[in-house]
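For reference, the chains in residue letters:
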Number of protein chains: 2
Amino acid sequence: GKMIWEMGKEWGVTLCKTGKEDPRRVIHSIKVGFAMTLASSLCLLQKEKPPFRGIGQNTMWALITVVILLEFTAGATLRKGLNRIVGTVLGILLVLLVEHLSAHRPIPRAVFMGWTVFVFGAAATYVRFIPTIKKYDYGVLVFILTFGMILVANYQVNNTTSMVRDRFYTIAIGCGICLFLSLLILPTWSGDDLHKSTITKLEGLAKSVEACVGDYFGDAQRKEIQDELPKDSIDQNCIKVLDSKNTDETMALYASWEPRYQGNCYKSPWQQYVKFGDALRRFGYTIMALHGCLHTEIQTPPSVRDLFKEQCTHLAEEVSKVLVQLANSMRNRRHFSPEIISSHLHIALQDLNTALRSQTQILSDSMNRKDSRVSLTTSFEANSSPLRESKTAGPPEQVHGIQEVLRPQRSKHVIASLEFSEALPFAAFASLLLEAVARLDHVIEEAKELGRIARFKEYKAGDDNV
Amino acid sequence: GKMIWEMGKEWGVTLCKTGKEDPRRVIHSIKVGFAMTLASSLCLLQKEKPPFRGIGQNTMWALITVVILLEFTAGATLRKGLNRIVGTVLGILLVLLVEHLSAHRPIPRAVFMGWTVFVFGAAATYVRFIPTIKKYDYGVLVFILTFGMILVANYQVNNTTSMVRDRFYTIAIGCGICLFLSLLILPTWSGDDLHKSTITKLEGLAKSVEACVGDYFGDAQRKEIQDELPKDSIDQNCIKVLDSKNTDETMALYASWEPRYQGNCYKSPWQQYVKFGDALRRFGYTIMALHGCLHTEIQTPPSVRDLFKEQCTHLAEEVSKVLVQLANSMRNRRHFSPEIISSHLHIALQDLNTALRSQTQILSDSMNRKDSRVSLTTSFEANSSPLRESKTAGPPEQVHGIQEVLRPQRSKHVIASLEFSEALPFAAFASLLLEAVARLDHVIEEAKELGRIARFKEYKAGDDNV
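Residues numbered from 1 in each chain as written. Chains lettered and ligands numbered in written order. Predicted model: local features only at pLDDT ≥ 70, side-chain atom pairs only at ≥ 80, totals over all residues. Heavy atoms only, no water.

A. A look at the overall build of chain A. The helix and strand inventory of chain A stands at 21 helices and zero strands. Each of the 466 residues in chain A was classed as buried or not, and the buried ones make up 52%. Partitioning the contacts of chain A with sequence separation of at least 6, the portion at a separation of at least 24 is 82%. (Helix = DSSP H or I, 4+ residues; strand = E, 2+ residues; numbered from the N terminus. Buried < 20%, exposed > 50% of the residue type's maximum accessible area, 1.4 Å probe, protein only. Contact = heavy atoms within 4.5 Å.)

Encoded structure:
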């Protein structure tokens, strides 16, 4: 008894959560219930009133159509509805054609029809594998279905006209109810969903970048606490963006069937949303690699990291700000100001660059104090040509010799090289951060294009203060 | 006339290509055609022979079931078929219950039924949003459909028993035909597809790693040629892996409905395939970041890169070899040998490490010749604490001054820092390569787990010579 009570409670919580996550789900459910009642009352009426009497048992198809067609978003419903109508009409036409042909054949009608069903069924199924047709997959399915059904039913009833008329009417009524409910009563637009999910993605990436750089420079204590948390929770936002390709494409597909309800019936922006999503994913790959730096085995000691903490954090903040700004301008459906984005970001970029260079200067300065300036030049020339030659040509035993490095008389070199190899992960981190900034350019470009195609409002100077 | 001919030719090519890509598509199409003929001949028979006569117009449902159920893979068909049967049975049971209740109510039957349809329709639609139920989405749809249809049809016909029996029989016959054709005649298993796609992914990543490192160290001439090619063609393999999450999950879902046809009916390995795919995607993110290094604006000059060409290329080859080996062992459904994988890879890893360290040695050696050993120590101590303090605290004007760096008297420093900032991208490249190796460990771990769960054959010493 108690266990059932517990389970019931759990289910209740799940039910409430599902509704709270997206209240439109409740609306959609009520719509479906209402549509079903409407369609079935049509069937019930049929018994009483004369004009519906003729339609016969096929009224059921109105109900079936309603249940199958009414999808969550308007675009999906419209797509299915149009596919269903066109598929039905084509199927009916083909039946009429086949009937006409079979009337003048010497072979038995049943055999001829069996062959027809086989040939058209197989052909239509095969055609569904072609990518171009895949968009109209449901239409082709309905086409096969209607064709087979009516052909067979005809054979039984021998009354083509009334059968065809009934089926067409009932499906038209079902489609009418669905389109009315999904387009006119509290519609849910796929395009809106796509728009919102793009904004969410931008904000998620912004958080992800900041969290990542913050973690990298965060003190060890904080890190230990975070290690107790599930490792994935940190880069969850990023993973969501990376896995969004399929959802994006589906939403864009549905959205492309929706009427442009904002009065601007130019080129559809939905494909550009997908392209923008691609740019975001490209950006996201770099952020994922940046996250990877948090978990590498060899870590640059905090003392080295702290040298660049300020600049890196600043740059990450700027990148994050740009993303948030993009998200905000997208939310208000207006263009963003290109100057604001570039100036701050470029200053942050130069700061980091300068810091990275001055690090070399500290090194070289400390040498200069004890040495002439010539040593600096040679040490860097040594890098480029003469000594390099001797290195690649000369000592292959040095390349293969980790043991050699470990010889006691060279221990100081080992320390030096240790420093270098410990600085390497940080170099990767910094470089990836710079790479992320470079990819941000691509994101901004696509966002600009998106604003152009979707006809966002013009940017005005005061907009950012909101 | 000519244009139509051209279009027809184009269509012909597309049709042939679709079939060649996967010949099983042709088989599937023929199956559907055959199943449809079989189901409709049942309807045709009905007219002639007495045992089928009673079923009435509902024979059509056998045909409908066949068209809707017969999916490309056995798992998908089985899933839909079982969902359809269970959904139908539950729907019928609910109708019987409602009929029983409505018999003793004082309110008009039509009103009661209208309400019932509304309530159950809305509730079932709402339940479909719950993730746990989502797996049985189709079953719930069929449940609503059956419930609404039979309830309404009953109201018209007033013959519950025959209606219910007819519908159940026809759907059972349709399911029977579908399951027979998809499970017993040339079946296409989702599990096999998942297995093969995993192998393809491994091989694609192997190619991708080698191509990427090859490109990075390739001479400039070759690079120009590749720039003319579409930029994406290089990392296409990698992108495919990264976008495969959705396909993987669908295949695993279908596969989980398939009977274990190899006799080992232990824990299902399909979820492990998905997990393995996740590990591969994690690995892929690093490779994508590595690809990003090919297109950065600041590039390390070839002279510096060439210092490490041999080691990096060797390491990439080893990584690629490991991936190919994993793919091969998976193809033969046997375990891989862990020793072979680790030993070569670790040697390559150490080579690169040594090379990276010896690079520092060249630098420091050249200084040592002119200087005492003390300078080396101080220069690295300078790195760590005292000068760092003064740097972070002291000169904020240095941080903000890219102009300062550009002053003529410091031009030598600019060259020096240029060298450093140009070496940075290579450091990132090397570090990412090391990171990729680290993630490869995770891939190998998941592969081992996969081999254990899927009960692959034991590894034998001679297997690799094949």
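B. Region of interest: the pattern of salt bridges. Residues and elements named next belong to chain A. Applying the stated criterion across every chain yields a total of 28 salt bridges over all chains. The salt bridge partner of Glu 203 is Arg 331, with a shortest N-O separation of 2.5 Å. Separated by 128 residues along the polypeptide, Glu 203 in helix H10 (residues 190–217) and Arg 331 in helix H15 (residues 302–331) bring together distant segments of the chain. For Glu 203, a relative accessible area of 27% translates into the label partly exposed. Three or more residues joined by partner-sharing salt bridges are found here, namely Lys 201, Lys 245, Asp 248, Glu 249, Asp 278 and Arg 281. (Salt bridge = Lys/Arg side-chain N within 4 Å of Asp/Glu carboxyl O.)

C. Spotlight on the nonpolar core. Phe 283, Leu 323 and Leu 440 of chain A together with Phe 283, Leu 323 and Leu 440 of chain B are the most contacted members of the largest nonpolar core, which totals 124 residues. With 88 residues, the next largest nonpolar core counts Val 66, Val 164 and Cys 178 of chain A together with Leu 145 of chain B among its residues. (Core = buried A, V, L, I, M, F, W, Y, C linked by side-chain atoms within 4.5 Å.)

D. View of the packing of helix H4 (residues 60–69) of chain B against helix H5 (residues 74–102) of chain B. All names here are of chain B. It is the contact of H4 with H5, at a shortest axis distance of 10 Å, that shows an interaxial angle of 140°. Relative to H5, the element H4 lies oblique. Touching Trp 61, Ile 64, Thr 65, Ile 68 and Leu 69 of H4 are Thr 77, Lys 80, Gly 81 and Arg 84, all from H5. Across the contact of H4 with H5, the residue classes break down as four nonpolar, three polar and two charged. (Axes fitted to C-alpha atoms, helices over the stretch in contact; angles between N-to-C directions. Parallel < 35°, antiparallel > 145°, perpendicular 65-115°, else oblique. Nonpolar A, V, L, I, M, F, W, Y, C, P; charged D, E, K, R; others polar.)

E. Here's a closer look at unusual backbone geometry. Unusually for a residue other than glycine, Leu 186 of chain A sits at a positive phi of about 40°. With respect to the helices and strands, the residue Leu 186 of chain A is situated in the loop between helix H9 (160–184) and H10. For Arg 333 of chain B, which is not a glycine, the phi torsion comes out positive at approximately 50°. Structurally, Arg 333 of chain B can be placed in the loop between helix H15 (302–331) and helix H16 (338–370). The partly exposed category is assigned to Arg 333 of chain B, whose relative accessible area is 25%.

F. Representation of the packing of aromatic side chains. Inspection of every chain in the model, using the stated rule, returns 15 aromatic pairs over all chains. Summarising the aromatic geometry, the rings of Trp 270 of chain A and Tyr 273 of chain A are spaced 5.6 Å apart at their centres and angled 20° between planes, so their arrangement reads as stacked. One end of the pair, Trp 270 of chain A, and the other, Tyr 273 of chain A, are both in helix H14 (residues 270–292), three residues apart, so they sit about a helical turn from each other. In terms of burial, Trp 270 of chain A and Tyr 273 of chain A fall into one category: buried. Centre to centre, the rings of Trp 115 of chain B and Phe 118 of chain B are 5.8 Å apart; their planes meet at 90°, and the pair counts as edge-to-face. One end of the pair is Trp 115 of chain B and the other is Phe 118 of chain B, both in helix H6 (residues 109–127) and three residues apart, which spans about a single turn. On the basis of relative accessible area, Trp 115 of chain B is assigned to the exposed category, the value being 57%. (Phe/Tyr/Trp six-rings, centres within 6.5 Å; stacked < 30°, edge-to-face > 60°.)

G. Quick look at helix H13 (residues 245–255) of chain A. Residues and elements named next belong to chain A. Along H13, the residues classified as buried are Asp 248, Met 251, Ala 252 and Ala 255. An end-on view of H13 places all buried positions within 100° of arc, on one side of the element. Looking at the buried positions of H13, the neighbouring elements they touch are H10 and H14. (Arc of directions from axis to C-beta.)

H. Spatial organisation of helix H10 (residues 190–217) of chain B. Between its terminal C-alpha atoms H10 of chain B stretches 41 Å, which fits the 40 Å expected from 28 residues at 1.5 Å a residue. Burial analysis of H10 of chain B places 20 of its 28 residues in the buried class, which makes it a mostly covered element. (Expected span 1.5 Å × (residues − 1).)

I. Geometry of the confidence of the model for chain A. All names here are of chain A. For chain A, per-residue confidence averages 73 on the pLDDT scale, and residues scoring 70 or more make up 71% of the total. Between residues 50–55, whose pLDDT stays under 50, and residues either more than four places distant or in other chains, the model counts nine contacts. This prediction of the complex comes with two scores: 0.77 for pTM and 0.76 for ipTM. (pLDDT = per-residue confidence, 0-100.)

J. Focus on a nonpolar patch on the surface. Residue and element names in this part refer to chain A. Nonpolar side chains collect at one region of the surface, where Val 86, Val 89, Leu 90, Leu 93, Leu 96, Phe 168 and Tyr 169 lie side by side and expose about 600 Å² of accessible area between them. For the nonpolar patch, the secondary structure elements donating two or more residues are helix H5 (74–102) and H9. Of all the elements, H5 adds the most residues to the nonpolar patch, at five residues. Position of Phe 168 among the secondary structure elements: in helix H9. Judged by relative accessible area, Phe 168 falls into the partly exposed class, the value being 35%. (Patch = residues over 30% accessible without salt bridge, like charges linked within 9 Å, V, L, I, M, F, W, Y side chains within 5 Å. Areas by Shrake-Rupley, 256 points an atom, 1.4 Å probe, with all protein chains shown as cover.)

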